[in-house]
Amino acid sequence: MNVVFAVKQYISKMIEDSGPGMKVLLMDKETTGIVSMVYTQSEILQKEVYLFERIDSQNREIMKHLKAICFLRPTKENVDYLIQELRRPKYSIYFIYFSNVISKSDVKSLAEADEQEVVAEVQEFYGDYIAVNPHLFSLNILGCCQGRNWDPAQLSRTTQGLTALLLSLKKCPMIRYQLSSEAAKRLAECVKQVITKEYELFEFRRTEVPPLLLILDRCDDAITPLLNQWTYQAMVHELLGINNNRIDLSRVPGISKDLREVVLSAENDEFYANNMYLNFAEIGSNIKNLMEDFQKKKPKEQQKLESIADMKAFVENYPQFKKMSGTVSKHVTVVGELSRLVSERNLLEVSEVEQELACQNDHSSALQNVKRLLQNPKVTEFDAARLVMLYALHYERHSSNSLPGLMMDLRNKGVSEKYRKLVSALVEYGGKRVRGSDLFSPKDAVAITKQFLKGLKGVENVYTQHQPFLHETLDHLIKGKLKENLYPYLGPSTLRDRPQDIIVFVIGGATYEEALTVYNLNRTTPGVRIVLGGTTVHNTKSFLEEVLASGLHSRNKESSQVMSRSTSRR
């Protein structure tokens with residue numbers, strides 16, 4: 001179950017099926033992102049694809065010597081563009097691939113438009129999602145719900161993305177969903193409808209234990225996306241932002257022109273592949289080793305190129321050296337910028353208090369630490385608000401709750417109204433009244449002992465004590481202990497054996513910390529394969545945008561506080 005491999009295979013097959021000769025790849029906005037995640041331009045060039053064009057670009061030239069491979073989402077807009085294209089074809093022959101199920105009426109319209117008979121084939125290749133890591137996919141949807149219910153357009157896109165994922169991995173799963181979420185039940189029903197309607201597509205070889213799709217809602221754990229991260233991939237996303245593997249470094253002081261935007265992709269960057277799940281301290285020493293290695297391989301300035309053999313050796317090694325040079329300068333820049341932000345924003349201290357708020361249950365210590373950091377001028381308004389949000393979620397019902405005082409401290413610190421309003425919006429989004437599970441329950445004796453031992457293992461763990469709630473959910477699921485009254489099956493049948501192939505989907509977005517949890521579970525649990533997906537992959541900034549987009553903040557604060565006192569959990 002490797003989503004990067006699944007999408008890559010589709011694209012390779014498209015290019016192979018079109019046969020030898022020069023080709024153009026015609027895409028739309030979304031499929032451009034889907035392709036760029038799994039292939040670099042230079043890799044595709046080697047397969048005789050010399051031109052990349054957008055179907056919606058108006059001024060494309062007529063190039064009858066090129067074959068066209070069209071990879072498009074099956075939207076009405078794209079079908080209209082194709083109809084126009086086929087009426088006045090710019091290329092010699094067309095191989096059309098839709099990233100999802102296309103209706104018979106649309107195929108008929110295309111056939112009618114193809115008067116010049118330039119279409120060689122029309123197929124469905126189900127690469128209708130963004131493959132981020134081998135075990136992580138996203139649909140790049142921000143703001144999927146209005147209140148507690150789906151935005152209809154986003155429900156439709158999510159259903160398509162999720163069913164395409166199942167088809168590309170050749171899985172016809174049993175479905176479980178989070179009972180406390182109306183949105184999770186709705187998505188489960190929509191996916192089931194598609195599986196029933198397109199039953200012929202889902203007729204895969206039966207496995208002994210059927211695969212399982214588990215649909216969750218971000219509301220159940222609003223803590224994880226609020227925390228600072230200390231592993232490489234997660235930290236880069238939290239502090240710099242990753243958008244389809246691209247990182248915008250244009251704001252970095254004194255950045256050189258060629259490093260304004262860099263690509264971090266484990267597919268073709270060995271250093272990143274080996275380090276993306278390591279913590280920041282290890283990355284620092286690995287960067288040092290990379291630099292030393294680079295220095296050894298660097299051609300000496302004084303190196304005499306006297307014989308033909310010398311020159312030949314230099315030319316042969318140069319591309320390798322050039323690539324390594326690019327890798328070194330890229331990672332040194334990224335890690336340097338992360339270090340600068342950590343010290344400028346006092347993030348080690350901030351993160352320690354965040355971890356205390358997420359993992360410990362000592363109210364007076366937490367309150368004291370939050371108050372202390374709110375007085376610190378180095379702590380930004382963003383981080384100050386984030387600390388108060390974590391406090392508000394954890395100690396929402398605590399008898400000594402001091403949220404009004406902390407809100408006052410935020411105001412005195414000059415934190416903008418936008419962030420202050422988000423505190424109550426967040427409690428409304430993921431507070432105790434909404435959660436189907438208990439995020440902060442004092443765990444049993446074994447868990448408390450583990451926690452204590454973890455604390456003794458050394459300073460490193462202070463910043464990484466937190467385990468996403470997803471870890472517990474998956475652990476129970478793998479052991480066959482996930483409660484059916486909280487996560488029911490859709491339909492009458494249930495799974496008798498422990499699941500082996502698990503697809504988890506988080507409405508409202510997953511996080512890189514959860515992706516790391518899944519990576520570790522895959523590594524340490526023989527016979528179990530897990531893929532994680534979400535409507536998007538969040539950092540704190542995008543998660544707060546998701547909360548705003550849901551519109552839950554528009555109710556005034558007083559009424560929401562009264563509500564939370566008077567209403568029991570749903």
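Looking at an unreviewed UniProt entry, the protein chain carries the name Vacuolar protein sorting-associated protein 45, with the source organism given as Equus caballus. Its UniProt record gives the protein chain the following Sequence similarities (unreviewed entry) comment, quoted word for word: "Belongs to the STXBP/unc-18/SEC1 family."

J.: It is not clear to me how the overall build of the protein chain should be interpreted in this structure. Could you clarify?
T.: Helices and strands together make up the secondary structure of the protein chain, namely 21 helices and 18 strands. If you take every contact in the protein chain between residues at least 6 apart in sequence, the share linking residues at least 24 apart comes to 82%.

J.: Sorry if this is basic, but what is going on with the packing of aromatic side chains here?
T.: To describe a pair of aromatic rings, one takes the distance between the centres and the angle between the planes. Applying the stated criterion across every chain yields a total of 13 aromatic pairs. Aromatic pair Phe-202 and Phe-204: ring centres 6.3 Å apart, planes at 70 degrees, arrangement edge-to-face. Sitting over the face of the ring of Tyr-39, Lys-8 holds its NZ or CZ atom 5.1 Å from the ring centroid.

J.: Got a minute to help me understand the nonpolar core in this structure?
T.: In a soluble, globular protein the nonpolar side chains are often hidden away together inside. One finds Ile-215 and Ile-507 to be the most contacted residues of the largest nonpolar core, which totals 162 residues. Ranked by residues supplied to this core, first place goes to helix H14 (residues 381–394) with 10 residues. Discounting chain neighbours no more than four positions away, the residues touching Ile-215 are Leu-162, Ile-175, Arg-176, Tyr-177, Gln-178, Ala-184, Leu-187, Ala-188, Phe-505 and Ile-507.

J.: When you look at the environment of Trp-150 in this model, what are you seeing that I'm missing?
T.: Relative to the assigned elements, Trp-150 resides in strand S9 (residues 149–150). Taking C-alpha positions, Trp-150 is 8.9 Å from Glu-182, a pair spaced 32 residues apart along the chain. Of the polar contacts made by the side chain of Trp-150, one reaches the backbone oxygen of Ala-183; its length is 2.9 Å.

J.: Sorry if this is basic, but what is going on with the pattern of salt bridges here?
T.: Here the idea is simple: oppositely charged side chains can pair when their charged atoms come close. One pass over the full model with this rule turns up 28 salt bridges. Where Asp-501 meets Lys-171, a salt bridge forms, and the shortest distance between an N and an O atom there is 2.8 Å. With Asp-501 in strand S15 (residues 501–507) and Lys-171 in the loop between helix H6 (152–168) and strand S10 (174–177), the pair connects residues that are 330 residues apart, well separated along the chain. Just as Asp-501 is buried, Lys-171 falls in that class too. One salt bridge in this structure joins Glu-514 and Arg-218, with 2.8 Å as the shortest N-O distance. Placement of Glu-514 in helix H19 (residues 512–524) and of Arg-218 in the loop between strand S11 (212–217) and helix H8 (232–239) is noted, with a sequence separation of 296 residues between them. Since its relative accessible area comes to 3%, Glu-514 is described here as buried. A single network of salt bridges, built from pairs that share partners, joins Glu-238, Arg-345, Glu-354, Asp-383 and Arg-386.

J.: Explanation requested: unusual backbone geometry in the structure shown.
T.: Trans peptide bonds make up the majority, and among non-glycine residues the majority have a negative phi. In this structure, Glu-117 is a non-glycine residue whose phi angle is positive, near 50 degrees. The phi dihedral of Asn-346 is positive, around 60 degrees, even though this residue is not glycine. As for its placement among the helices and strands, Asn-346 is situated in the loop between helix H11 (308–344) and helix H12 (347–359).

J.: I'm lost on the packing of H6 against helix H7 (residues 182–197) in this one. Help?
T.: Packed helices, taken two at a time, are described by their axes: the angle between them and the distance between them. The contact between H6 and H7 brings their axes to 9 Å, and the two run at 55 degrees. In this view, H6 runs oblique relative to H7, as classed from their interaxial angle. The crossing of H6 and H7 is right-handed. Residue-level contacts link Leu-155, Thr-158, Thr-159, Leu-162, Thr-163 and Leu-166 of H6 to Arg-186, Leu-187, Cys-190, Val-191, Val-194 and Ile-195 of H7. Across the contact of H6 with H7, the residue classes break down as 8 nonpolar, 3 polar and 1 charged.

J.: Could you clarify how one ought to interpret the sheet that holds strand S2 (residues 49–54) in this entry?
T.: Strand-to-strand pairing in sheets goes through backbone hydrogen bonds, with the strands running parallel or antiparallel. Across the sheet, 5 strands lie side by side as S2-S1-S3-S4-S5; this open sheet has parallel pairing. In this open sheet, the two edge strands, each paired with only one partner strand, are S2 and strand S5 (119–124). Ignoring which end each strand starts from, the neighbouring axes of this sheet average 15 degrees apart. With 5 bridges connecting them, strand S4 (residues 93–98) and S5 associate as parallel partners. Paired with Tyr-97 across the bridge in S5 is Gln-123.

J.: Help me understand a nonpolar patch on the surface in this model?
T.: A cluster of nonpolar residues, Met-22, Leu-45 and Tyr-50, forms a patch on the protein surface that exposes about 270 Å² of accessible area. Within the fold, Met-22 resides in the loop between helix H1 (3–17) and strand S1 (23–27). Look at Met-22 and you get partly exposed, because its relative accessible area is 40%.

J.: Could you clarify how one ought to interpret the packing of helix H16 (residues 417–430) against helix H20 (residues 540–549) in this entry?
T.: The contact between H16 and H20 brings their axes to 10 Å, and the two run at 75 degrees. Judged by the inter-axis angle, H16 sits roughly perpendicular to H20. Taken together, the residues of H20 that come into contact with H16 (itself represented by Leu-422, Ala-425, Leu-426 and Tyr-429) are Phe-543, Leu-544, Glu-546, Val-547 and Leu-548.

J.: When you look at the sheet that holds strand S17 (residues 529–534) in this model, what are you seeing that I'm missing?
T.: Overall, mixed pairing links the 6 strands, which are arranged S6-S7-S17-S15-S11-S10 in an open sheet. In the strand order of this sheet, the two ends are held by strand S6 (130–133) and S10, each with one partner. Sheet twist, expressed as the average angle between the axes of neighbouring strands with direction ignored, equals 25 degrees. Where S10 and S11 come together, 4 bridges link them in parallel fashion.

J.: What should I look at first to understand the side chain of Asn-244 in this one?
T.: As for its position among the elements, Asn-244 is in the loop between strand S12 (242–243) and strand S13 (246–248). In this structure, Asn-244 is in contact with Gly-33, Met-37, Ile-130 and Asn-140, ignoring residues within four places of it in sequence.

J.: Which parts of the structure should I look at to understand H16?
T.: Within an α-helix, residues lying three or four positions from one another point in the same direction, as the helix has 3.6 residues per turn. Along its 14 residues, H16 runs 20 Å from first to last C-alpha, staying within 8% of the 20 Å computed at 1.5 Å per residue. In terms of burial, H16 is largely enclosed, as 10 of its 14 residues are buried.

J.: Help me out: how do you make sense of the pairing of S6 in this one?
T.: A regular strand places its side chains so that they alternate between the two faces of the sheet. Both S6 and strand S7 (residues 136–138) contribute to a ladder of 3 bridges, which runs antiparallel. When the sheet's bridge partners are listed, Ile-130 is paired in S7 with Ser-138. Two successive antiparallel strands, S6 and S7, enclose a turn made up of 2 residues.

J.: Would you explain the environment of Val-107 in this entry?
T.: Tracing the chain through its elements places Val-107 in helix H5 (residues 104–113). Put simply, Val-107 and Val-122 are 15 residues apart on the chain and 8.2 Å apart in space, counted from C-alpha to C-alpha.

J.: Is there a simple way to think about the confidence of the model for the protein chain in this case?
T.: Detailed reading of the predicted coordinates is not advisable wherever pLDDT is low. Taken over all residues, the pLDDT of the protein chain has a mean of 85, while the share at 70 or more is 88%. Ignoring residues within four places in sequence, the model shows residues 451–459, a span with pLDDT below 50, making 7 contacts including any to other chains.

J.: What am I meant to see in the side chain of Thr-473 here?
T.: As for its position among the elements, Thr-473 is in helix H18 (residues 469–478). The class for Thr-473 is buried, based on a relative accessible area of 4%. When sequence neighbours within four positions are dropped, the list of residues in contact with Thr-473 reads Leu-214, Leu-482 and Tyr-487.

The rules behind the values
Residues numbered from 1 in each chain as written. Predicted model: local features only at pLDDT ≥ 70, side-chain atom pairs only at ≥ 80, totals over all residues. Heavy atoms only, no water. UniProt positions renumbered as here; feature names shortened; annotations may be inferred. Helix = DSSP H or I, 4+ residues; strand = E, 2+ residues; numbered from the N terminus. Contact = heavy atoms within 4.5 Å. Phe/Tyr/Trp six-rings, centres within 6.5 Å; stacked < 30°, edge-to-face > 60°. Lys NZ or Arg CZ within 6 Å of the ring centre and 35° of its normal. Core = buried A, V, L, I, M, F, W, Y, C linked by side-chain atoms within 4.5 Å. Buried < 20%, exposed > 50% of the residue type's maximum accessible area, 1.4 Å probe, protein only. Polar contact = N/O pair within 3.5 Å; in protein donor to acceptor, adjacent residues only side chain to side chain. Salt bridge = Lys/Arg side-chain N within 4 Å of Asp/Glu carboxyl O. Axes fitted to C-alpha atoms, helices over the stretch in contact; angles between N-to-C directions. Parallel < 35°, antiparallel > 145°, perpendicular 65-115°, else oblique. Left-handed = near helix turned anticlockwise from the far one by under 90°. Nonpolar A, V, L, I, M, F, W, Y, C, P; charged D, E, K, R; others polar. Pairing = 2+ DSSP bridges. Patch = residues over 30% accessible without salt bridge, like charges linked within 9 Å, V, L, I, M, F, W, Y side chains within 5 Å. Areas by Shrake-Rupley, 256 points an atom, 1.4 Å probe, with all protein chains shown as cover. Expected span 1.5 Å × (residues − 1). pLDDT = per-residue confidence, 0-100.

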